[in-house]
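Working through the structure, step by step
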Amino acid sequence: MVNIDELFNSGVLTGEREGAVLPDREFWNSKKNGLVIIECPQRIPCNPCHTSCPTGAIRPFADINDTPVVDPTLCTGCTLCVASCPGLACFVIDMTFSEDRALFKLPYELLPLPEKGSKVQCLNRTGEFIAFGTVENVTQPKKDRTFVVHVSAPKEIAGEFRTFRVVE
Ligand code: SF4
Ligand code: SF4
């Protein structure tokens, strides 16, 4: 369970994977195109993640304040929810990218957008550097919505990597 008091005090989700809705690791490791991870612990009136998902992988909300629940077996890694979430709380991790690297599909709202091939510093939830990554693609899955940047980086940082800084 997420410690909401601690979250409000620090602004950061603390602890390994706290607040994330995680798939079974073995299934996740073999799922081509990746699976969505959602870190949305707070009950707020919001559901674009659900309404944008074309496969029903994000379950219908009984109450608009519910936090999202994922059926990973239905997720195709399409990133439509990543582009639609106003809280930048959804991302996709494809563990099949290579032997030692995963592909992280992250929401990104800063300009200029990074270019394909750019080197980036992968940052954890508190903004600390944890590894170098490479931009593999930049997409806009939904018109006028958040861009999604695909970054390859070491698999070991999957539990910590949440955003990045472009290396000048
Ligand atoms: S990545 Fe695509 S299929 Fe998976 S939950 Fe998001 S919108 Fe649905
Ligand atoms: S759209 Fe984003 S912020 Fe809104 S409920 Fe879904 S995951 Fe949470």
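Thresholds applied
Residues numbered from 1 in each chain as written. Chains lettered and ligands numbered in written order. Predicted model: local features only at pLDDT ≥ 70, side-chain atom pairs only at ≥ 80, totals over all residues. Heavy atoms only, no water. Near = heavy atom within 4 Å. Nonpolar A, V, L, I, M, F, W, Y, C, P; charged D, E, K, R; others polar. Pairing = 2+ DSSP bridges. Helix = DSSP H or I, 4+ residues; strand = E, 2+ residues; numbered from the N terminus. Axes fitted to C-alpha atoms, helices over the stretch in contact; angles between N-to-C directions. Phe/Tyr/Trp six-rings, centres within 6.5 Å; stacked < 30°, edge-to-face > 60°. Buried < 20%, exposed > 50% of the residue type's maximum accessible area, 1.4 Å probe, protein only. Lys NZ or Arg CZ within 6 Å of the ring centre and 35° of its normal. Salt bridge = Lys/Arg side-chain N within 4 Å of Asp/Glu carboxyl O. Polar contact = N/O pair within 3.5 Å; in protein donor to acceptor, adjacent residues only side chain to side chain. Contact = heavy atoms within 4.5 Å.

**Some words on the site of ligand 2**
Every residue near ligand 2 is listed here: Ile 38, Cys 40, Cys 46, Pro 48, Cys 49, Pro 68, Cys 85, Pro 86 and Cys 90. Across the shell around ligand 2, the residue classes tally to 9 nonpolar, no polar and no charged.

**With respect to the sheet that holds strand β1 (residues 35–38)**
Strand order in the open sheet formed by 7 strands is β1-β2-β3-β6-β5-β4-β7, and the pairing between neighbours is antiparallel. The sheet is open, and its two edges are formed by β1 and β7 (163–166), each paired on a single side. Direction aside, the axes of adjacent strands within the sheet are offset by 35° on average. Sheet topology places strand β4 (residues 119–123) next to strand β5 (residues 129–139); 5 bridges connect them, and they run antiparallel.

**Points about the packing of aromatic side chains**
Scanning all chains against the criterion turns up 3 aromatic pairs. Their ring planes at 10° and their centres at 4.6 Å tell us that Tyr 108 and Phe 164 sit as a pair that is stacked. One end of the pair, Tyr 108, is in strand β3 (residues 101–108); the other, Phe 164, is in strand β7, with 56 residues separating them in the sequence. Judged by its relative accessible area of 8%, Tyr 108 is buried. Above the plane of the ring of Phe 132 lies Lys 119, whose end atom (NZ or CZ) is 4.5 Å from the centre.

**Some details on unusual backbone geometry**
The amide bond that connects Leu 111 to the next residue, Pro 112, takes the cis arrangement and shows omega of 0°. Along the chain, Pro 112 falls in the loop between β3 and β4. The backbone of Thr 79 shows a phi angle near 75°, a positive value even though the residue is not glycine. Along the chain, Thr 79 falls in the loop between α3 (48–52) and α4 (80–84).

**A word on the pattern of salt bridges**
With the rule as written, the count across this model stands at 5 salt bridges. Here Arg 59 ties to Asp 71 by a salt bridge, and the two come within 3.1 Å at their closest N and O atoms. In this pair, Arg 59 sits in the loop between α3 and α4 while Asp 71 sits in the loop between α3 and α4, placing the two residues 12 residues apart along the sequence. On the accessibility criterion, Arg 59 (38% relative accessible area) is partly exposed. Bridged by salt links that share partners, the residues Glu 39, Arg 125 and Arg 162 form one connected network.

**Some points on the side chain of Lys 105**
Take Lys 105: it is sitting in strand β3. Polar side-chain contacts of Lys 105 include one of 2.9 Å to the backbone oxygen of Asn 33. From its side chain, Lys 105 meets the backbone oxygen of Gly 77 in a polar contact 3.2 Å long. Sequence-distant contacts of Lys 105, that is, excluding residues within four places in its chain, are made with Asn 33, Gly 77, Thr 79, Val 82, Phe 91, Val 92, Val 148, Val 149 and His 150.

**Quick look at the environment of Glu 39**
With respect to the helices, strands and loops of the structure, Glu 39 is situated in the loop between β1 and α3. Along the chain, Glu 39 and Cys 90 lie 51 residues apart, while their C-alpha atoms are 6.5 Å from each other. Here the side chain of Glu 39 touches Arg 162 through a polar contact of 3.1 Å, side chain to side chain.

So yeah, pure geometry; function would need other evidence.
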